[in-house]
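Here's the letter readout for the chains.
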Amino acid sequence: MMNTIEWDDDTETVKLIDQTLLPVAYKIVECRRVAELIDAIKRLKVRGAPALGAAGAYGVVLGCINARDTKELKAEMEQLKHARPTAINLSYGVIRALNAALAGSTLVEMKENALEEANRIAVEDVAVNKKLGDYGSALLEDGDVVLTHCNAGRLACVDWGTALGVIRSAIEKGKRIEVIACETRPLNQGSRLTCWELNQDKIPVTLITDSMSAAVMRDKKVDKVIVGADRVVKEGVINKIGTYMHAVVAKAHKIPFYVAAPRSSFDTERSYKDVEIEERSSEELLFFAGTQIAPLDVNVYNPAFDFTPFELIEAVITEMGVHKSISAKFDSVIG
Ligand code: MRU
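Values in this document were obtained by computation on a predicted structure and should not be read as measured data. (Residues numbered from 1 in each chain as written. Predicted model: local features only at pLDDT ≥ 70, side-chain atom pairs only at ≥ 80, totals over all residues. Heavy atoms only, no water.)

1. What about the site of the ligand?
Item 1. Contacts to the ligand come from 19 residues, most closely from Arg 47, Arg 84, Asp 230, Asn 239 and Lys 240.
Item 2. Note that an oxygen atom of the ligand is positioned 2.7 Å from one of the side-chain N or O atoms of Asp 230.
Item 3. At a separation of 2.7 Å, an oxygen atom of the ligand approaches a polar side-chain atom of Asn 239.
Item 4. Relative to its unbound accessible area of 420 Å², the ligand is 99% covered by the protein chains.
Item 5. Every element with two or more residues in the shell around the ligand is listed here: helix H2 (49-66) and strand E9 (236-240).
Item 6. Residue composition of the shell around the ligand, grouped by class: nine nonpolar, six polar and four charged. (Near = heavy atom within 4 Å. Polar contact = N/O pair within 3.5 Å; in protein donor to acceptor, adjacent residues only side chain to side chain. Areas by Shrake-Rupley, 256 points an atom, 1.4 Å probe, with all protein chains shown as cover. Helix = DSSP H or I, 4+ residues; strand = E, 2+ residues; numbered from the N terminus. Nonpolar A, V, L, I, M, F, W, Y, C, P; charged D, E, K, R; others polar.)

Below you can see the structure in the form of structure tokens.
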């Protein structure tokens, strides 16, 4: 199986596993122009913070191939950076590859530089996830049941995953781990993507609805909770809507709540109040798989992410280690 996102040298396209079709169909889409990639990002064909970082960087390569001049390239890259506002990785990937590109003196040279940097980001992503997974695996014991939310697995990254990477690493070390996947309404990244990729790897997984997590945690069916992050800010973590609810419930039941995130997701100068939380279309709540499930004239509120304060987080797992009491020791974590 290919990585979640790859560059194809022969066709000069960005290839993506179309995540809107899983688990029903496994299809690869090719983006030839920046506008196609922006559309794929907005529709969540490619999604998850680290995968968006790689997408942003490969988008710069597409930009260099198609732009008439540097001015046009820069304008297009502004649009790409803002295709989705919440995960910091998208702008991180664009900025890194664009800076590399701008060191070139012709568009051809710029393309080569951007491609080199984008490939570096993709390789780094997998290496970082393996390292983070290694550190995090020490937190899991043989026989643990781990609840997770959304998809912070290989589909959210170039490969391996962050939260699911920790689980994969623990299993690789011989520990038996079972996963409880919350379905993650409204777009069901948990049921569609987490369950699919864990099934592929034969990792035992049980699907629950988001609203079952409190009862499942109280009934002692969960040993640990691990989620990913779209952005780690000054006071806590921004991640998929529903994360905060699981963190509150885990605290109430004394179940450790962990966040696994690469340092490229850190934006610790900023407060959560200054981060734009993406609000998505009302259609996502009014319809389910094309069927109307609410009166069309009802008011809808559909934020895609929420904020969880460090007080509720036992530790943040990065490629540098396991950081406990993170708010107190923050300076040493971000170095
Ligand atoms: O809207 P999505 O599917 O892009 O949201 C993804 C998440 O919230 C993930 O948990 C987060 O990006 C971490 S992925 C390693």
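On we go from here.
2. A word on the nonpolar core
Item 1. The biggest cluster of nonpolar side chains holds 42 residues, and the ones touching the most others in it are Ile 41, Tyr 58 and Val 60.
Item 2. Of all elements in the fold, only strand E1 (5-8), strand E2 (13-17), strand E3 (28-31), helix H1 (34-42), H2, helix H3 (70-81), helix H4 (88-102) and helix H5 (107-137) reach the threshold of two or more residues within this core.
Item 3. Excluding its chain neighbours within four sequence positions, the residues that come into contact with Tyr 58 are Ile 5, Trp 7, Val 14, Leu 115, Ala 118, Asn 119 and Ala 122.
Item 4. Listed in part, the 26 residues of the second largest apolar core include Val 227, Val 232, Phe 266 and Ile 313. (Core = buried A, V, L, I, M, F, W, Y, C linked by side-chain atoms within 4.5 Å. Buried < 20%, exposed > 50% of the residue type's maximum accessible area, 1.4 Å probe, protein only. Contact = heavy atoms within 4.5 Å.)

3. With respect to unusual backbone geometry
Item 1. Of note, the amide linkage connecting Leu 22 to Pro 23 takes the cis form, showing an omega dihedral of 5°.
Item 2. Topologically, Pro 23 is positioned in the loop between E2 and E3.
Item 3. Each neighbour pair has its own omega, and for Arg 185 with Pro 186 the value is 5°, a cis peptide bond.
Item 4. Note on placement: Pro 186 falls in the loop between strand E5 (178-182) and helix H7 (189-200).
Item 5. For Cys 150, which is not a glycine, the phi torsion comes out positive at approximately 60°.
Item 6. Residue Cys 150 is classed as buried on the basis of its relative accessible area, which comes to 7%.
Item 7. Notably, Thr 184 is not glycine yet its phi reads approximately 70°, a positive angle.
Item 8. In this structure Thr 184 comes out as buried when scored by relative accessible area, which is 0%.

4. Examining the packing of aromatic side chains
Item 1. Applying the stated criterion to the full structure yields three aromatic pairs.
Item 2. Aromatic side chains Tyr 26 and Trp 196 sit 6.0 Å apart centroid to centroid with 20° between the ring planes, which places their arrangement in the stacked category. Of the two residues, Tyr 26 is situated in the loop between E2 and E3 and Trp 196 in helix H7; the sequence distance between them amounts to 170 residues.
Item 3. Relative to Phe 307, the ring of Tyr 272 lies with its centre 3.8 Å away and its plane at 5°, an arrangement referred to as stacked. Placement of the pair is Tyr 272 in the loop between strand E10 (257-260) and helix H10 (283-286) and Phe 307 in strand E13 (residues 305-309), with a sequence separation of 35 residues.
Item 4. On the accessibility criterion, Tyr 272 (30% relative accessible area) is partly exposed.
Item 5. On the basis of relative accessible area, Phe 307 is assigned to the buried category, the value being 17%. (Phe/Tyr/Trp six-rings, centres within 6.5 Å; stacked < 30°, edge-to-face > 60°.)

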